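Each chain, written out:
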Amino acid sequence: MNPAFAVIIPYFMRQVIGFSAQQYGIMQSTFTAGILIGNIILATYLMKRSSKALIKVGLFGMLLINIVFAVTLLPNNVNYFGGPTLIFLIIISIELIIMGGLNALLNTPIQTNFQKLIPNKLRSRVFSVIMVMTQAGVPLGAVLYGVLLDMIPAHSLYLAISLIVVVLSVAFTLVAPAGVYEPEKVNVEVS
């Protein structure tokens, strides 16, 4: 989804809807604010919850709000709210704050579990490989989405990507080993 937020959303918000640079900047900051709020809530109220519960709530909550966000971007809804109006900016910003908060509920436990699962000797190498793979996917996705935006309307492309992510996420939850959620139950031996 990262390349979608780097390519499709800026194009859609600025070119299709017509939000100003200032309005778009506000939208971008709301997602980050949501992540900060989510981490504060996680650290103060949810730290005793199981990582499995947090990951599932974060994942399925993000999937749901992402679909709601994609539906909000459909042309009929954009027209209903009058395009780049204050009320539409507020609605999108609220959705992005919620999405950011749920992102924190998902990513923080996953990162913590990775650190618990990976032996100290291998941790830096494993995290380096993960970072290279995820960072390499961003420009490739940006190029792909840029090409697809010339062929497919932005709202349709974002909705299609969101639905693909739903399918992949459901498949992940069905096949993921228990150690992904509860690393304490995995006995890792490294010689």
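Residues numbered from 1 in each chain as written. Predicted model: local features only at pLDDT ≥ 70, side-chain atom pairs only at ≥ 80, totals over all residues. Heavy atoms only, no water.

1. Looking at the overall build of the protein chain
A tally of regular secondary structure across the protein chain gives eight helices and zero strands. Ordered by position from N to C terminus, the α and β elements of the protein chain give α-α-α-α-α-α-α-α. For the protein chain, the spread of C-alpha atoms along the three principal axes comes to 60 × 40 × 30 Å. Taken across its 191 residues, the protein chain has 36% of its residues classed as buried. The long-range fraction of contacts in the protein chain, counting pairs at least 24 apart against all pairs at least 6 apart in sequence, stands at 79%. A total accessible area of about 11000 Å² is found for the protein chain, and carbon and sulfur atoms account for 69% of it. Distance from the positive charge centre (10 side chains) to the negative charge centre (5 side chains) of the protein chain: 8 Å. (Helix = DSSP H or I, 4+ residues; strand = E, 2+ residues; numbered from the N terminus. Buried < 20%, exposed > 50% of the residue type's maximum accessible area, 1.4 Å probe, protein only. Contact = heavy atoms within 4.5 Å. Areas by Shrake-Rupley, 256 points an atom, 1.4 Å probe, with all protein chains shown as cover. Lys, Arg positive; Asp, Glu negative; His and termini not counted. Charge placed at Lys NZ, Arg CZ, Asp CG, Glu CD.)

2. What about the packing of aromatic side chains?
Per the stated rule, a full pass over the model turns up eight aromatic pairs. Residues F5 and F69 carry aromatic rings whose centres are separated by 6.3 Å and whose planes lie at 10 degrees to one another, so their mutual orientation is stacked. Taken together, the residues F5 in helix α1 (residues 2-17) and F69 in helix α3 (residues 51-72) connect sequence positions 64 residues apart. The class of F5 is partly exposed, set by a relative accessible area of 24%. Measuring from centroid to centroid gives 6.1 Å for F5 and Y158, while their planes differ by 85 degrees, and the two rings are edge-to-face. Within this pair, whereas F5 is found in helix α1, its partner Y158 is found in helix α7 (residues 154-175), the two being separated by 153 residues in sequence. The exposure class assigned to Y158 is buried, which follows from its relative accessible area of 1%. Among the aromatic residues, those joined into a ring-pair cluster are F5, F31, F69 and Y158. (Phe/Tyr/Trp six-rings, centres within 6.5 Å; stacked < 30°, edge-to-face > 60°.)

3. Concerning the packing of α3 against α7
Contact geometry of α3 with α7 gives a least axis separation of 9 Å together with a crossing angle of 165 degrees. As far as their axial angle goes, α7 and α3 are roughly antiparallel. α7 is crossed by α3, and the crossing has left-handed handedness. Within the contact between the two elements, α3 uses L59, F60, L63, N66, I67, F69 and A70 and α7 uses Y158, L159, S162, L163, V165, V166, S169, V170 and T173. Looking at the contact of α3 with α7 residue by residue, the classes come out as 12 nonpolar, four polar and no charged. (Axes fitted to C-alpha atoms, helices over the stretch in contact; angles between N-to-C directions. Parallel < 35°, antiparallel > 145°, perpendicular 65-115°, else oblique. Left-handed = near helix turned anticlockwise from the far one by under 90°. Nonpolar A, V, L, I, M, F, W, Y, C, P; charged D, E, K, R; others polar.)

4. Side note on α1
Along α1, the sharpest kink reaches roughly 30 degrees, centred on I8 and followed within four residues by the proline P10. Three or more residues of α1 are buried, namely P3, A4, V7, I8, I9, P10, F12, M13 and I17. Those residues of α1 hidden inside the fold are in contact with α2 (21-44), α3, α4 (75-80), α5 (86-117), α6 (120-149) and α7. (Bend = angle between axes of the 7 residues up to and from the residue.)

5. Some remarks on the confidence of the model for the protein chain
Averaged over all residues, the pLDDT of the protein chain is 88; the fraction at 70 or higher stands at 96%. Taken element by element, the protein chain is modelled with least confidence in helix α8 (residues 178-181), mean pLDDT 74, and with most confidence in α4, mean pLDDT 94. (pLDDT = per-residue confidence, 0-100.)

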